[in-house]
Number of protein chains: 2
Amino acid sequence: DLRGQLLADRVLHPGSLRDTPIRAVLLTNGDIDHIAGLLTLREKQTFRLLATADIHAVLDANPIFTALDAELVVREVIALNTPFALTDGLQAELFAVPGKVPLFLEGEQVDTELEGEQTVAVEICQDDHRLIYAPGCARLNHALRARLEGADAVFFDGTLYRDDEMITAGLGHKTGKRMGHMSIDGADGSLALLRNIPIGRRIYIHINNSNPIWRDGPERRTVESAGFEIGFDGMEIEL
Amino acid sequence: DLRGQLLADRVLHPGSLRDTPIRAVLLTNGDIDHIAGLLTLREKQTFRLLATADIHAVLDANPIFTALDAELVVREVIALNTPFALTDGLQAELFAVPGKVPLFLEGEQVDTELEGEQTVAVEICQDDHRLIYAPGCARLNHALRARLEGADAVFFDGTLYRDDEMITAGLGHKTGKRMGHMSIDGADGSLALLRNIPIGRRIYIHINNSNPIWRDGPERRTVESAGFEIGFDGMEIEL
C-alpha cells in the first residue's frame, strides 16, 4: 500500500523521520481549524509557538497540547500592534480584526464583531515588501483598510461566497455573519471592498468546502476576472 | 490543484458535504493518536462515542472536544468485561490490557504495565465469529491469552519491532517497554508468543514509522513467513 511505501522510504532516511522545516508557528485564532494541526507536531521537534495571550489561553485550557514538550516548543506571547522578529529578516505585527471567540467556547450570547485578541491578522514585512494575512474577518473596518492599503499581497478570509450558502446547501442554520466571516459576494462583500483598495495581489484563503469558487463556474470566474487569486495547499508566493 | 478539484467534486454533490458512514466510534485509549481524529468529525455528524469512564475523562478534561455537539454525539460509558451492542448484530466487550496512561498525562512516576481503564482491548463477536483488537499492549498476561485463544482474528500492537529501535534510530531515549508497548521481536516478543496461540488471523496494527516491517527486508519476511499480516490504511477483512 502507498502509505506503507511512503513510510518505508522515510525509514531508509532515518534522519528525516522526526524532522520538519517548520521553525515557528504563529496562531491567528484559537479555533480548531487553526490549532488542531499542532497535535501533529508533537514528535519532539523544536519550534517557536507564537500567539496572543488569549489564544495561548485556549491552548492552556486543553492539557492535550502539553504533548508539545515545553523544553522544545517555547510559547511566546505576542502583544497586539507591537512589531516582533518572526524569522531572520522577517518582521511581523499582530492586530485585531472583527471576529468572534472559537465556536467551542461560545456562550449563550455571541459578539460576532468582537475586536480583541481572539481573531487577529498578521502583517509581515521584509525590506520594503509587506503582506497581510487575515484568514478570518467579520467586517472591513477603517483600521484594517489602513493596514491593507499599499500591501504587496493580502491573504483574505474567503470562507463563504454568499452569506446564506450554508443554509441553502442544507449544511446548517448559520449565516457567514453569525460565524464571524464576511462573505465574498455583495455590496458589503470582500470582493467589492478589496478591489477598491490599492493592493498588489489579493488571494482568498480559508475557503469553506461549500464555497462555489472551488469549482469552475460563474462565481470562480467573477473572482478571477476581478484579479483575485484562489489559494491552495502548498501555494508559494514571491514578492 | 488536486485538493481544490476534490472539494469541487464534493460541492457538486451537496448531500455528501457533511456525511460520513461512521455510526459509532469506540476508543480503546486516551492518547492523542486515538482521540485527535475526533476533531475531524465535528461537522454536525451523528454518531455514538463509546469509551471507558477513564478515557471519557480525558476528553472531558479538554474543552476542545465540546466541538462534538452533545445533541448529535452521545457519549456512552462502557464498563469493562460487560458485553454491549456495538451495531446491529455486533456484540462487543472491553477488557483491560497492561499499558500506561497517555503520554501527555504522565506524572513523575509511570507504571508501564498498569491494568485498568486507560488501555483496553475490545472483543467483537457476531454469531460464532470473534475478533480481538488490541492496539496497545505492554505484556501478554494470562487473561489476555485466554481471550486470544480460538479467536478468528487478532489485531495486535505492532508499534516497534525491537524494544530499542527508537534509541538506535536516534529518535528518542525511550524503549518500547517504557512506552507501554511489547515489541514484535525476541523471546518475550509478540511474534514468539502469539504464534503459539491458536488464532485464525494475526494482524499487526499501530505500527510506528520506525518499525522496519514497513519495508521489504528480513524483519518483514520474518513476520510474514510466520503467517502474520501487516495492517494498512483501508484494510478490510471478512471472517
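It should be noted that the structure appears before, not after, this text.
Residues and elements named next belong to chain B. Going through the model one piece at a time under the given rule, you end up with four aromatic pairs over all chains. Ring plane angle 50 degrees and centroid distance 6.2 Å describe the contact between tyrosine 133 and phenylalanine 155, whose orientation is recorded as tilted. Taken together, the residues tyrosine 133 in strand β7 (residues 129-134) and phenylalanine 155 in strand β8 (residues 153-157) connect sequence positions 22 residues apart. Seen in terms of ring centroids, tyrosine 204 and phenylalanine 228 are 5.3 Å apart; in terms of plane orientation they differ by 20 degrees. Their pairing is stacked. Here tyrosine 204, found in strand β9 (residues 201-205), pairs with phenylalanine 228, found in strand β10 (residues 228-230); they are 24 residues apart in sequence, far enough to count as distant.

For the rest of this paragraph, the subject is unusual backbone geometry. Its identity as a non-glycine residue notwithstanding, aspartate 127 of chain A has a phi of 50 degrees, on the positive side. Residue position: aspartate 127 of chain A is located in the loop between β6 (120-126) and β7 (129-134). The exposure class of aspartate 127 of chain A is exposed, given its relative accessible area of 75%. One non-glycine residue, asparagine 81 of chain B, adopts positive backbone phi at about 60 degrees. Within the secondary structure layout, asparagine 81 of chain B lies in the loop between β3 (73-77) and β4 (84-87).

Residues and elements named next belong to chain B. Of all the residues in helix α3 (residues 53-60), the buried ones are Ile55, His56, Val58 and Leu59. Around the axis of α3, the buried residues are gathered within 150 degrees of arc, so they sit on the same side. Those residues of α3 that are buried are in contact with α2 (32-35), β2 (47-51) and β3.

Attention now goes to the side chain of aspartate 31 of chain B. All names here are of chain B. Residue position: aspartate 31 is located in the loop between β1 (24-26) and α2. No salt bridge is formed by the buried aspartate 31; its nearest oppositely charged neighbour, lysine 100, is found at 4.6 Å. Reaching out from aspartate 31, the side chain makes a polar contact with the backbone nitrogen of leucine 103 at a distance of 3.1 Å. Beyond its immediate sequence surroundings of up to four residues, aspartate 31 is in contact with Pro102, Leu103 and Phe104.

This part is about the nonpolar core. Counting 39 residues, the largest nonpolar core has Leu27, Leu38 and Leu49 of chain A together with Leu27, Leu38 and Leu49 of chain B as its most contacted members. Of all the secondary-structure elements, those providing two or more residues to this core are α2 (32-35), β2 (47-51) and α3 (53-60) of chain A together with α2, β2 and α3 of chain B. In contact with leucine 49 of chain A, other than residues within four places in its own chain, are Val25, Leu27, Leu38, His56, Leu59, Leu68, Val73, Val74, Arg75 and Glu76 of chain A.

A separate point is the sheet that holds β2 of chain B. Residues and elements named next belong to chain B. Sheet architecture is open: three strands sit in the order β1-β2-β3, paired in parallel fashion. Each end of this open sheet is capped by a strand with a single partner; those strands are β1 and β3. Here the strands of the sheet are splayed against their neighbours by 20 degrees on average, with no regard to which way each runs. The pairing of β2 with β3 spans five bridges and is classified as parallel. Residue pairing across strands places leucine 49 opposite arginine 75, the latter belonging to β3.

What counts and how
- Residues numbered from 1 in each chain as written.
- Chains lettered and ligands numbered in written order.
- Predicted model: local features only at pLDDT ≥ 70, side-chain atom pairs only at ≥ 80, totals over all residues.
- Heavy atoms only, no water.
- Phe/Tyr/Trp six-rings, centres within 6.5 Å; stacked < 30°, edge-to-face > 60°.
- Helix = DSSP H or I, 4+ residues; strand = E, 2+ residues; numbered from the N terminus.
- Buried < 20%, exposed > 50% of the residue type's maximum accessible area, 1.4 Å probe, protein only.
- Arc of directions from axis to C-beta.
- Contact = heavy atoms within 4.5 Å.
- Lys, Arg positive; Asp, Glu negative; His and termini not counted.
- Salt bridge = Lys/Arg side-chain N within 4 Å of Asp/Glu carboxyl O.
- Polar contact = N/O pair within 3.5 Å; in protein donor to acceptor, adjacent residues only side chain to side chain.
- Core = buried A, V, L, I, M, F, W, Y, C linked by side-chain atoms within 4.5 Å.
- Pairing = 2+ DSSP bridges.
- Axes fitted to C-alpha atoms, helices over the stretch in contact; angles between N-to-C directions.

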